[in-house]
4 protein chains.
Amino acid sequence: MRLRGIVPPLVTPFRADGEIDVSAFEANVESYAGEDLAGFLVLGSNGEAASLDEDEKLTLVEAARRRSGGRTLLVGTGCESTRETIRLTCKSAELGADGVLVLTPHFYKQRMTDEALRRHFEAVADASPVPVFLYSVPMFTGIAVSAALAASLAAHPRIVGMKDSSGDMGAMARILGAVPERFSVACGSAPVLYPALCLGASAGVLAVANCAPRPVCALFRAVERGDHERARRIQTAILPLATALASAHGVPGLKAAVDISGRRGGFPRLPLLPVSGAAREEIASLLAQANDAAS
Amino acid sequence: MRLRGIVPPLVTPFRADGEIDVSAFEANVESYAGEDLAGFLVLGSNGEAASLDEDEKLTLVEAARRRSGGRTLLVGTGCESTRETIRLTCKSAELGADGVLVLTPHFYKQRMTDEALRRHFEAVADASPVPVFLYSVPMFTGIAVSAALAASLAAHPRIVGMKDSSGDMGAMARILGAVPERFSVACGSAPVLYPALCLGASAGVLAVANCAPRPVCALFRAVERGDHERARRIQTAILPLATALASAHGVPGLKAAVDISGRRGGFPRLPLLPVSGAAREEIASLLAQANDAAS
Amino acid sequence: MRLRGIVPPLVTPFRADGEIDVSAFEANVESYAGEDLAGFLVLGSNGEAASLDEDEKLTLVEAARRRSGGRTLLVGTGCESTRETIRLTCKSAELGADGVLVLTPHFYKQRMTDEALRRHFEAVADASPVPVFLYSVPMFTGIAVSAALAASLAAHPRIVGMKDSSGDMGAMARILGAVPERFSVACGSAPVLYPALCLGASAGVLAVANCAPRPVCALFRAVERGDHERARRIQTAILPLATALASAHGVPGLKAAVDISGRRGGFPRLPLLPVSGAAREEIASLLAQANDAAS
Amino acid sequence: MRLRGIVPPLVTPFRADGEIDVSAFEANVESYAGEDLAGFLVLGSNGEAASLDEDEKLTLVEAARRRSGGRTLLVGTGCESTRETIRLTCKSAELGADGVLVLTPHFYKQRMTDEALRRHFEAVADASPVPVFLYSVPMFTGIAVSAALAASLAAHPRIVGMKDSSGDMGAMARILGAVPERFSVACGSAPVLYPALCLGASAGVLAVANCAPRPVCALFRAVERGDHERARRIQTAILPLATALASAHGVPGLKAAVDISGRRGGFPRLPLLPVSGAAREEIASLLAQANDAAS
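Everything in this summary refers to the structure shown in the same document. The structure displayed is predicted, hence computed values, not measured ones.

Another aspect to go through is helix α7 (residues 169-178) of chain D. If you check which residues of α7 of chain D are buried, you get M169, G170, A171, M172, A173 and I175 of chain D. The opening residue of α7 of chain D is D168 of chain D, an N-cap whose side-chain oxygen sits 3.0 Å from the backbone nitrogen of G170 of chain D.

In this section: the state of the cysteines. Residues and elements named next belong to chain C. According to the stated counting rule, one finds 0 disulfides over all chains in the structure shown. C90 forms no disulfide, and the closest cysteine sulfur to it belongs to C79, at a distance of 12 Å. Looking at C90, the relative accessible area reads 24%, which means it is partly exposed.

All right, on to the packing of helix α1 (residues 22-31) of chain C against helix α2 (residues 54-67) of chain C then. All names here are of chain C. In contact at an axis separation of 9 Å, α1 and α2 are set at 35° when each is read in the N-to-C sense. Judged by the sense of rotation from one axis to the other, the crossing of α1 with α2 is right-handed. Between α1 and α2, the residues in contact are V22, F25, E26, V29 and E30 and T59, L60, A63, A64, R66 and R67, respectively. Partitioned by chemical class, the residues of the contact of α1 with α2 number 6 nonpolar, 1 polar and 4 charged.

Residues and elements named next belong to chain A. Across its 16 residues, helix α11 (residues 277-292) extends 23 Å between first and last C-alpha, which sits within 8% of the 22 Å expected from 1.5 Å per residue. Looking at α11, one finds that the buried residues are A279, I283, L286, L287 and A290. Along the axis of α11, the buried residues cluster in a sector spanning 105°; they form a single face. In α11, the exposed positions that point more than 90 degrees away from the buried face belong to A278, E281 and D292. Elements in contact with the buried residues of α11: α9 (213-224) and α10 (228-260).

A word on the nonpolar core. Counting 222 residues, the largest nonpolar core has C211 and L241 of chain A together with C211 and L241 of chain D as its most contacted members. Each residue touching L241 of chain D, except ones within four places of it in the same chain, is listed here: V208, C211, A212, I283, L286, L287 and A290 of chain D. Residues V160 of chain A, V216 of chain B, L241 of chain C together with L3 of chain D belong to the second largest nonpolar core, which totals 221 residues.

This paragraph deals with the packing of aromatic side chains. Applying the stated criterion across every chain yields a total of 16 aromatic pairs over all chains. Plain terms: the ring middles of Y32 of chain A and F40 of chain A are 6.0 Å apart, the flat faces sit at 45° to each other, and that makes the pair tilted. Residues Y32 of chain A and F40 of chain A agree in their burial class; the two are buried. Taking the centre distance of 5.0 Å and the plane angle of 85° together, the rings of F107 of chain B and Y108 of chain B count as edge-to-face. With respect to burial, F107 of chain B and Y108 of chain B carry one shared label: buried. Three or more aromatic residues joined by ring pairs form one cluster here, namely F107 and Y108 of chain A together with F140 of chain B.

Conventions and cut-offs
- Residues numbered from 1 in each chain as written.
- Chains lettered and ligands numbered in written order.
- Predicted model: local features only at pLDDT ≥ 70, side-chain atom pairs only at ≥ 80, totals over all residues.
- Heavy atoms only, no water.
- Buried < 20%, exposed > 50% of the residue type's maximum accessible area, 1.4 Å probe, protein only.
- Helix = DSSP H or I, 4+ residues; strand = E, 2+ residues; numbered from the N terminus.
- Polar contact = N/O pair within 3.5 Å; in protein donor to acceptor, adjacent residues only side chain to side chain.
- Disulfide = S-S within 2.5 Å.
- Axes fitted to C-alpha atoms, helices over the stretch in contact; angles between N-to-C directions.
- Left-handed = near helix turned anticlockwise from the far one by under 90°.
- Contact = heavy atoms within 4.5 Å.
- Nonpolar A, V, L, I, M, F, W, Y, C, P; charged D, E, K, R; others polar.
- Expected span 1.5 Å × (residues − 1).
- Arc of directions from axis to C-beta.
- Core = buried A, V, L, I, M, F, W, Y, C linked by side-chain atoms within 4.5 Å.
- Phe/Tyr/Trp six-rings, centres within 6.5 Å; stacked < 30°, edge-to-face > 60°.

So far we have only geometry, and geometry alone does not tell us how the molecule works.
Here you go:
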């Protein structure tokens with residue numbers, strides 16, 4: 001299983017009362033039918049997986065599978081314990097996941113040595129019925145998957161790739177230099193999508209693809225056909241939006257952007273607070289700027 | 001509800017197959033019957049709460065309530081979402097918790113402004129049938145509860161105290177200077193127990209109290225009666241053990257120390273790995289040194 | 001040479017044209033004649049040593065020696081290179097320094113292993129005609145002197161103590177537990193002076209002693225005679241000023257406070273900018289609160 | 001003045017007795033005569049400027065000017081104080097510097113707001129007879145020049161570019177998006193040279209160019225003519241050496257690599273320690289691998 005192209009980590013729309021709005025979620029998935037996307041990720045960081053209980057998670061997997069029209073469906077199944085991760089991985093596979101994305105455990109970050117992480121990922125991969133991707137997002141976890149760890153895990157037949165959201169291009173270059181060709185490295189940080197693709201990343205799993213799939217996909221295709229000039233121009237155009245969503249406004253900002261794009265971001269779940277009206281206006285303007293680049 | 005004295009955050013012993021060993025847990029609680037402790041905390045960081053599912057959590061609360069012999073029972077109920085935290089808080093109260101200790105949400109740490117945290121803790125306190133303590137442990141969460149936030153939340157009638165595990169005595173002094181007398185501040189970092197008590201902390205919720213309750217309680221009593229010489233001497237004696245458990249060996253090291261103390265630490269749950277034989281020997285020696293100070 | 005008591009790290013007053021105002025500096029030293037201070041430090045971090053050239057440094061050493069009335073004179077002589085540090089150490093000793101305080105080199109912080117630091121400090125101590133104190137101030141340097149390094153260097157006959165400005169009481173406890181009785185540990189962080197003295201620090205080298213020597217010295221004496229109640233009360237009173245000078249306002253804030261105290265702080269040297277009028281008013285109010293505690 | 005191409009930040013060879021070996025330095029400069037370099041930088045971080053006194057600095061500027069054969073000569077003149085920086089800038093210009101590279105002041109890093117840095121750089125540029133480049137190297141200083149600050153300073157007629165050694169490609173993209181075309185951005189981090197050039201950096205000021213100028217220059221030319229395949233291949237080949245010099249071995253490792261390349265790295269100045277024999281062998285092997293890529 002080779003991951004190639006752009007994948008939005010789907011947001012989870014909540015209603016004002018805090019419940020998941022499943023029909024809004026499904027409508028969002030369907031809204032991407034005409035876009036040049038390689039698949040979908042449910043239960044990622046941008047899907048507020050940390051705030052969902054197991055029943056809710058499985059409901060979203062089923063809904064995504066139902067509406068994904070045959071595209072690749074990845075599911076974020078990383079939990080803090082190995083056994084819980086295995087459980088959710090197996091249930092997601094039963095419900096039709098094509099692959100799982102497994103976040104590094106991180107609460108006891110001081111204990112998450114390469115050895116502990118290696119044994120965790122191997123145990124998950126041993127038990128998983130579907131291909132496994134590693135997920136490294138130090139902004140949230142304080143843990144970066146090293147090139148040595150990625151290379152070691154790439155030897156497992158069911159570990160087929162990783163999402164690196166560190167934004168650290170030196171680290172990504174080291175990872176790409178250490179893993180075999182069959183191991184897919186996806187960029188998880190939109191501000192560096194273009195340089196990551198230059199270095200050899202084969203995919204982007206990017207929050208901004210929820211609200212602005214067109215410029216992101218256009219950037220991917222531009223690099224694919226060697227049009228670096230156009231790729232750089234799109235990167236410049238999406239940079240302010242990507243930066244605002246990654247740092248200033250986070251998931252609530254992304255949900256506002258999804259709303260503005262004509263989809264349904266809905267409320268974030270508490271303790272996340274919705275963005276202010278001023279932030280919403282700023283995001284609308286950055287979104288328009290990003291979309292202009294693709295036209 | 002005033003928290004005063006030493007409280008162990010109980011470890012959760014697991015069997016080799018990964019299941020909770022409830023009888024070992026109960027035996028541990030009973031082993032403290034003759035010790036000078038102010039109560040117990042279940043489902044804290046040292047109890048591996050992050051790796052337990054809800055049924056397991058409630059099983060431990062019941063078991064602790066059953067065996068705590070009327071001592072104060074605190075329960076760690078902080079989850080990533082506000083609603084899940086409220087749910088677990090209410091269930092724990094039903095099962096007999098005397099108070100709850102609520103960890104700061106932290107996955108989306110960049111979004112956890114004082115405003116977001118304030119609204120989270122207030123929503124939990126509004127819904128909680130029992131007194132609420134804030135829990136600040138930046139080593140695991142990347143978030144420190146500020147003096148301003150603590151002072152603001154201390155105005156809520158059901159928010160009665162906090163556990164500060166930052167180890168930052170300047171921060172603790174600022175918190176103590178900002179909150180009213182009725183608000184209890186517990187030290188959560190054994191390497192600084194003595195200075196924290198000097199500054200006015202009224203309690204210690206300390207991993208090391210699982211395996212070495214006597215010197216820790218003796219230190220508390222020494223400060224209480226003004227015997228600073230003895231307090232400092234005990235602090236010096238427990239420091240190497242406290243430091244080793246806090247940084248080098250973590251929860252697996254604590255569980256080894258609990259075993260060595262004649263109780264039942266059991267296995268950590270994966271992805272945590274047990275400590276090596278060499279670490280176990282080092283811990284045994286540091287534990288003996290700590291206990292010598294109390295005799 | 002045992003360091004015992006409170007020492008102000010003297011500020012360097014600059015004129016509007018950026019030149020040192022030596023007479024203001026001398027007047028400041030004389031203003032402390034009636035205070036309960038153990039000595040003076042020139043060329044510390046608070047003296048803007050990093051912005052002084054060698055001639056200016058020696059001018060200040062001479063002036064301080066001239067006006068210090070026989071009190072202990074310490075000189076900050078740490079430079080980035082070992083040879084420059086030795087040079088300034090020898091020149092300062094010639095001009096009458098009683099001891100030198102040697103900052104950890106830090107530009108190449110990734111290379112400053114315990115081994116590199118040990119060889120640096122030993123080379124300086126071998127060449128120094130006067131006793132040497134280590135200076136650990138991670139807020140500025142990114143480097144904390146470890147307990148193991150302090151213990152190793154304490155074996156050198158001319159290394160007699162250290163100033164620890166980390167504010168980390170766990171670290172200070174470990175250092176105090178590792179060094180011999182003859183090795184003086186001075187607290188360099190006023191927000192934790194009281195807990196540091198409880199742990200066994202024998203001195204405080206504190207910015208706030210420039211502008212509020214009385215409460216700081218009173219706190220020291222209170223601990224000395226076992227009056228912890230009074231010590232804690234003074235610590236609480238000086239905490240807001242100490243915190244404001246350590247974090248919000250830094251050296252420019254300290255110089256404003258020195259002005260307000262009736263001494264002559266003067267301008268900071270660029271790139272440091274003077275504090276705003278609003279900050280000056282805030283500092284005045286915090287200074288009054290600190291001084292009230294000593295009366 | 002537009003900076004375009006590859007520039008080595010020249011190492012400063014010391015003799016065993018700690019003195020500068022000027023003839024070795026000159027021989028090094030001459031050794032680059034046949035290489036495709038755009039110029040030289042003296043007194044950079046890799047030149048151990050932090051450990052040189054003013055006379056030594058000026059000696060090196062003169063020597064470099066003498067031997068640089070008409071190529072562009074940049075001089076690192078950033079000191080902690082604005083006045084010292086201006087002084088060294090003017091003296092370097094007198095001795096023939098074509099431009100100066102000004103490090104952010106950093107000792108009082110908490111005070112180095114955008115406003116303080118802006119005033120510092122403007123004062124230096126106002127006084128400088130030659131073009132000024134900003135130098136941002138957070139690994140050593142803890143301070144990153146923001147896109148907003150770079151854009152603001154780019155309005156000064158004598159501030160013509162910057163060296164960004166952060167390695168953060170998101171930050172570099174933001175800077176490149178914020179400054180005018182005339183403002184040159186040089187990459188200072190060899191592990192990300194290729195992505196930086198893709199994003200629009202016009203130069204590389206890179207330690208590794210001291211010992212392996214050929215592959216680095218070849219990479220630059222490959223991007224220039226749109227041969228991304230070759231550029232990526234060279235980046236992969238130099239990555240292990242670049243990473244080893246940037247993190248594991250630092251300046252002493254670079255000096256070993258310069259020796260191995262047939263030039264004269266010499267000793268580092270204390271407190272920097274020479275690398276071990278094992279490290280030297282590792283570096284030799286990584287250097288061979290890097291050079292292979294250019295043949």
